[in-house]
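Given next are the chains, with one letter for each unit.
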Number of protein chains: 2
Amino acid sequence: MPRYKLTIAYDGTDFHGWQMQHDAVKGELRTVQLVLQETARHVCRENVRVVGASRTDSGVHAEGQVAAFTIERDWELPRLAAALNSRLPDDLQVRAIELVDERFSPISDAVSKGYRYAIAHSRRDGLLPPLFDRHFSYWTPYPLDVDAMHAAAQHLVGEHDFASFTRVNHGRESTVRTVHACTVTAEHDHRCRIEISGSGFLYNMVRIVAGTLVDVGRGRHAPDHVRTILDARSRAAAGSTLPPEGLCLMWIEYPGSTP
Amino acid sequence: MPRYKLTIAYDGTDFHGWQMQHDAVKGELRTVQLVLQETARHVCRENVRVVGASRTDSGVHAEGQVAAFTIERDWELPRLAAALNSRLPDDLQVRAIELVDERFSPISDAVSKGYRYAIAHSRRDGLLPPLFDRHFSYWTPYPLDVDAMHAAAQHLVGEHDFASFTRVNHGRESTVRTVHACTVTAEHDHRCRIEISGSGFLYNMVRIVAGTLVDVGRGRHAPDHVRTILDARSRAAAGSTLPPEGLCLMWIEYPGSTP
């Protein structure tokens, strides 16, 4: 049976994250997985089960989440994409569809992932938070030293034990991960973005990295303090977990694909 | 008594426009004027009546709307701005406050206004509408010739009878207005923006100008057809009224102020 790999994008503001969740009072919550799966069932008229690569949290956005499902019918790919998009709500889009091997797993076949964390720090008219992009960036009223943040980020690159950068009861056997690159770039209008890619990420890892880099940007720590935080292997050593709205899952790389 | 001039910005998505409106079923609708006035009453503990320069429609945004009110108390300006902003919802901001003459009228003292209309036209992955900026731009699936649109826009500059560019029962004595400048600029990722400034604008004028320029961009008319539309002095001659989400009131100029 044909298996389809979907690259999808969503504005996470009005979703309760990726993963299907049942609430005792509200019933099935509006999650990306639920909306995508129900739309696919409606369009394909088959019992579709959608698996996603990354369980993004409530409020987190995606430009390049990857999901997959297997159905009986052979669809012409552009037709399937158009049929899904015409039924999906305006905060969720299928950006690409490919036919993949029937053993393809969006989770275990992923080679690397890239995230972006967007930050606004003070504005020209005093200290007003962002207005038009308030759902897509974290706001801090403090001025940030972006060069210091970028220097600090370089200490994260490579294979490290990231135990300091995940929540205490993370439930993972190993907290060793490899970060391929981490850059902090200044943007116009007192904004900056953190871009980080790696072999895999622990729960809340990017949001704790962002909180730690903001501490450096505010001058609370020197850039090389990041090495001390890594060595501590303790959540208490790192900065706070920044809110979900600044985070966006940008891409996921698979063998043979270019991110 | 001191009179205060406020420069305000809002994300119009969740407002029923500027003007206070009473709905028979829903009661007082959530309008910018209502929210601002109630916040000012709460903060100032006086019976504030807010007057705005421009009655923006439901869904229309503002970076530089101007409003004014007179109260008894002399406030230190940054304190009044901070007190208002701390109470306003996150889709409405006071960007600046000035003390003005007690006869200042935001409506009749305005010298000129500037609007922007944002358009997205097709995307790299086929024909998907905008996702993250869908509340802030109009989407057309057709490719647009931005140079032709800019050339067409030049025919609008100057003093003209804009009867073709307002709704049929506009209720205005004269439909003659002066457009100071109108530019159409290409932006990254298949987007463009129309920027128009003038002495004053008729009801729906910018949205009808945008619809007419999109017709030119699609190749339905040559750029100089705009002159024929002006000469017709008939709403039927111009393009359609584009939706409100693409429109943003950018600034309003007053004597002695720089926009």
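Source: prediction; values computed, not measured.

Cut-off values and rules
- Residues numbered from 1 in each chain as written.
- Chains lettered and ligands numbered in written order.
- Predicted model: local features only at pLDDT ≥ 70, side-chain atom pairs only at ≥ 80, totals over all residues.
- Heavy atoms only, no water.
- 1 Å grid on protein atoms, 1.4 Å probe; cavity = no way out; pocket = protein on both sides within 12 Å on 5 of 7 lines; lining within 4 Å.
- Points joined across faces, edges and corners; volume = space filled by probe spheres on them.
- Helix = DSSP H or I, 4+ residues; strand = E, 2+ residues; numbered from the N terminus.
- Nonpolar A, V, L, I, M, F, W, Y, C, P; charged D, E, K, R; others polar.
- Buried < 20%, exposed > 50% of the residue type's maximum accessible area, 1.4 Å probe, protein only.
- Pairing = 2+ DSSP bridges.
- Arc of directions from axis to C-beta.
- Contact = heavy atoms within 4.5 Å.
- Polar contact = N/O pair within 3.5 Å; in protein donor to acceptor, adjacent residues only side chain to side chain.

1. Digging into the layout of surface pockets
Here comes step 1: Of the pockets and cavities examined, the largest pocket occupies roughly 1700 Å³.
Here comes step 2: In terms of lining residues, the largest pocket is bounded by 47 residues, among which D133 and H188 of chain A together with F132, D133 and H188 of chain B are the most central.
Here comes step 3: Looking at the lining of the largest pocket, the elements with two or more residues in it are β5 (61-70), β7 (112-121), β11 (191-198) and β12 (247-253) of chain A together with β5 (61-70), β7 (112-121), β11 (191-198) and β12 (247-253) of chain B.
Here comes step 4: The greatest single-element share of the lining of the largest pocket, amounting to four residues, is contributed by β11 of chain A.
Here comes step 5: For the lining of the largest pocket, the per-class residue count stands at 16 nonpolar, eight polar and 23 charged.

2. As for the pairing of β11 of chain B
Residue and element names in this part refer to chain B.
Here comes step 1: In terms of burial, β11 is a largely internal element, six of the eight residues being buried.
Here comes step 2: Pairing of strand β10 (residues 176-187) with β11 involves eight bridges; the strand directions are antiparallel. The partner of V179 across the bridge, within β11, is G198.
Here comes step 3: Between β10 and β11, which pair antiparallel in sequence order, lie three residues; one of them, D189, sits at a positive phi of approximately 65°.

3. A closer look at helix α3 (residues 146-153) of chain B
Residues and elements named next belong to chain B.
Here comes step 1: Those residues of α3 lying buried are V146, A148, M149, A152 and A153. Across the axial projection of α3, the buried residues extend over an arc of 160°, all falling on one side.
Here comes step 2: Looking at the buried side of α3, the elements it contacts are β7, β10, β11, α4 (205-217) and α5 (225-232).
Here comes step 3: The backbone nitrogen of D147 has a side-chain oxygen 3.2 Å away, supplied by the residue at the start of α3, namely D145.

4. Overview of the environment of Y10 of chain A
Here comes step 1: By the element assignment, Y10 of chain A lies in strand β1 (residues 3-10).
Here comes step 2: The residues touching Y10 of chain A, leaving out its near neighbours within four places in the chain, are F15, W18, V32, T56, V60, H61, A62, Q65, D91 and L92 of chain A together with L131 and F132 of chain B.
Here comes step 3: At 2.7 Å, the side chain of Y10 of chain A and the side chain of T56 of chain A are in polar contact.
Here comes step 4: Polar contacts involving the side chain of Y10 of chain A include one to the side chain of Q65 of chain A, which spans 3.2 Å.

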